[in-house]
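# Secondary and tertiary structure notes
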Amino acid sequence: THWSFFGQLIIILLCFIGGLGFMTGTAFIIMITGQKLMLRNRLLVRDGLGWGNIGSITIMVRNTVIIALVLQVVGIIVLFSKWFLVEKLWEGISWAEALWQSIFHGISAYNNAGFDIVPDQLGGPSLWLFSTDPVVVLILSVLIVFGSIGYLPLHDLAVKRRFTKLQLETKIIFIFSVVLIIIGSGVFFATEESNPSTLGDKNLSEKLTVSIFQSISTRTAGFEIVDHSNIRTGTTLPMAILMVIGGASASTAGGIKINTFAIIILAAFSSLTGKKVVSAFKRQIPFDNVLRAIGITSLSFFAILFLAIFL
């Protein structure tokens, strides 16, 4: 509500850099300046991305940056078309202001940053103004989902095109992403459907739109299109769990990562069914990955528990 244009510019540049990842961004700068990535840097970038082989690291870094730029530019163009060419975002807005609003929110959505600069006089903080606008909600949702999935699964899907041919990690990411979106939407709709401060005064299609968007945004981005200070107690815990899980490895999202959560669920299922190995889609998950997932989840749980008590 009070940052100058320069302040907003710094904020959104940091969001863009953070979304790319420091190692990916650094590697890209090294590449465009004509230098070669040494073996140590290749290993660091591979670990930062979460998968991939050393030989193709430069191609992966280049494509990650290009795809991120392309998706964000497309999102910005669509938002600008909606907010200025089709209908004015608010009365008296100039094309420059509409363009800056589109740039800021397009980058913020794709990089799962959750920052917004919509003036409060438009109906409330964050994106409350657009709670009944399915076009804007859809655009932002698509940007958030693409950002939270990341380049590698999207590339795998674009190349293979058939679910059966996808890498195991890609299958897990897509399946669990869809499942979490559905569960989150269902919980939000069920608990808030009659709440007059959130969904109560909306029609059925608007309630479903808001529920789906909040399920997507809560897990990774942090935008809100209804007042979260008035959500019910039954909504807060499921939404907090979604925030802990976050998005996929090597994506713009935070959290313990959906890959980690998926392995924990699969490991629990294997234990309950008496299996001695953790598997998915008829493929065994390496034991080292299972141990890493347990370690990450345990550390996160104790960190959250300690900080909650401290607060």
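I will try to describe carefully the structure that is included in this document. (Residues numbered from 1 in each chain as written. Predicted model: local features only at pLDDT ≥ 70, side-chain atom pairs only at ≥ 80, totals over all residues. Heavy atoms only, no water.)

## Details of the overall build of the protein
Defined as follows: The numbering of helices and of strands both runs from the N terminus, where a helix is a DSSP run of H or I of at least 4 residues and a strand a run of E of at least 2. Whether a residue is buried, partly exposed or exposed follows from its accessible area with a 1.4 Å probe, protein chains only, as a fraction of its type maximum: under 20%, in between, or over 50%, in that order. It only takes one pair of heavy atoms within 4.5 Å for two residues to be counted as in contact. Each accessible area is a Shrake-Rupley estimate made with a 1.4 Å probe; only the visible protein chains count as cover when residues are assessed. His is not counted here, nor are the chain ends, while Lys and Arg score as positive and Asp and Glu score as negative. For charged residues, the charge sits on one atom: NZ in Lys, CZ in Arg, CG in Asp, CD in Glu.
The helix and strand tally for the protein stands at twelve helices and two strands. Mapped in sequence order, the helices and strands of the protein form the string α-α-α-α-α-α-α-α-α-α-α-β-β-α. In the protein, which comprises 311 residues, the share counted as buried stands at 44%. Sequence separation of at least 24 residues holds for 61% of the intrachain contacts in the protein that already meet a minimum separation of 6. Accessible surface for the protein amounts to roughly 16,500 Å². Of this, 69% is attributable to carbon and sulfur atoms. Looking at charge distribution, the protein has the averaged site of its 22 positive side-chain charges lying 20 Å from that of its 16 negative ones.

## Notes on the pattern of salt bridges
The cut-off we apply is this: Take a side-chain nitrogen of Lys or Arg and a carboxyl oxygen of Asp or Glu: if they are within 4 Å of each other, that pair is a salt bridge.
Under the definition given, this model contains four salt bridges. Close ionic contact of Lys82 with Glu87 constitutes a salt bridge, the shortest N to O distance being 3.1 Å. With relative accessibility at 12%, the residue Lys82 sits in the buried group. Exposure remark for Glu87: the relative accessible area of 40% places this residue in the partly exposed category. The salt bridge involving Asp156 is made with Lys160; its shortest N-O contact spans 2.8 Å. Of this pair, Asp156 and Lys160 are both found in helix H7 (residues 151–160), four residues apart, which corresponds to roughly one turn of the helix.

## So, a nonpolar patch on the surface
For clarity, the cut-off: Residues enter a patch when their relative accessible area is above 30% and they make no salt bridge; the linking distance is 9 Å between like charges and 5 Å between nonpolar side chains (Val, Leu, Ile, Met, Phe, Trp, Tyr).
A surface patch of nonpolar side chains, about 490 Å² in accessible area, is lined by Phe6, Ile10, Leu13, Leu14 and Ile17. Along the chain, the position of Leu13 falls in helix H1 (residues 5–20).

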